[in-house]
Amino acid sequence: MSYRNLVVGGICLGLVAVGCSSARDVEVSGKVTAPSTVTTGDKIAVQFLDVVGEGTDAKTELAQTAELKALGDFKQTVPLEGNEVIVRAIDDRDGNGKCTEGEAWGETQAKVTDDKAEAVSLALAVAKCPAEAAE
C-alpha cells in the first residue's frame, strides 16, 4: 500500500469518526445584563457547555463560544449531545476568552427540548471565577 493511500484512508476514517457524533444543532437564546453597579467593556465572551448525563455522572464539555460586543440579546446554534446546556457570560476585559479574577460573569443552566433550549437570562456580577470546563 502506498503512502498516498494511507493518507487518503486516514482522512476518510477521520471524517467518518466526526460524522458519528450524536450531537445535534440546538438553538440557544437569551439575554446578558448587568446591574448599574457593574461596568462592562466591549467584549462579552459567551461559553456554551454541553451537559451529558445526569446527577453525579453528568459531564460538562465546552461545546462552543461566541462573542458579544455589548450587553443584550443573543441567539446561537450550538452542537449539543446532552439534554441540558450551561451558558456562561464573561465581561472579558483581558480578551483571553475565560474568566479572570476581577471580571464580572454569570451563568445559568437550561433544559433542551425539541432542539431548542429554554431562553436564559444572565446577570453579570464580580465573583470568584468558576472552575474551568473540560476543553
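Conventions and cut-offs
- Residues numbered from 1 in each chain as written.
- Predicted model: local features only at pLDDT ≥ 70, side-chain atom pairs only at ≥ 80, totals over all residues.
- Heavy atoms only, no water.
- Disulfide = S-S within 2.5 Å.
- Helix = DSSP H or I, 4+ residues; strand = E, 2+ residues; numbered from the N terminus.
- Buried < 20%, exposed > 50% of the residue type's maximum accessible area, 1.4 Å probe, protein only.
- Pairing = 2+ DSSP bridges.
- Core = buried A, V, L, I, M, F, W, Y, C linked by side-chain atoms within 4.5 Å.
- Contact = heavy atoms within 4.5 Å.
- pLDDT = per-residue confidence, 0-100.

With that out of the way, let us pick up the state of the cysteines. Disulfide: a covalent bond connecting the sulfur atoms of a pair of cysteines. Counted by the stated rule, this structure contains one disulfide. In this model Cys99 forms its disulfide with Cys129; the gap between the sulfur atoms is 2.2 Å. Taking the torsion about the sulfur-sulfur bond, which here is approximately -70°, the covalent link between Cys99 and Cys129 counts as left-handed. Here Cys129 lies in the segment after strand 9 (125–126) and Cys99 lies in the loop between strand 5 (84–91) and strand 6 (104–113), a separation of 30 residues in the sequence. Residue Cys99 is classed as buried on the basis of its relative accessible area of 12%.

The next thing to look at is the pairing of strand 1 (residues 24–33). When strand 1 meets strand 4 (residues 72–80), the two strands line up antiparallel, connected through nine bridges. Counted as the bridge partner of Asp25 is Pro79 from strand 4. Inspection of the sheet shows strand 1 paired to strand 8 (residues 120–123) by four bridges, in the parallel sense. Across the sheet, Gly30 pairs through a bridge with Val120, a residue of strand 8.

Grouped together as the largest cluster of nonpolar side chains are 21 residues, with contacts concentrated most on Val28, Val32, Phe48, Phe74, Val85 and Val87. Looking at this core, the elements that each hand over two or more residues are strand 1, strand 2 (44–52), strand 4, strand 5, strand 6 and strand 8. Ignoring any residue separated from it by four or fewer positions in sequence, one finds Val87 in contact with Val28, Val46, Gln47, Phe48, Phe74, Gly106, Glu107, Thr108, Val120 and Leu122.

Relative to the helices and strands, Thr60 resides in strand 3 (residues 59–68). In sequence terms Thr60 and Val85 are 25 residues apart; their C-alpha atoms lie 8.7 Å from each other.

Scored by pLDDT, the protein chain comes out at a mean of 87, with 81% of its residues at no less than 70. Confidence, read as mean pLDDT per element, is least for helix 1 (residues 3–19) in the protein chain (49) and greatest for strand 1 (98). Confidence drops under a pLDDT of 50 for residues 12–18, and excluding neighbours within four residues, the segment shows zero contacts in the predicted structure.

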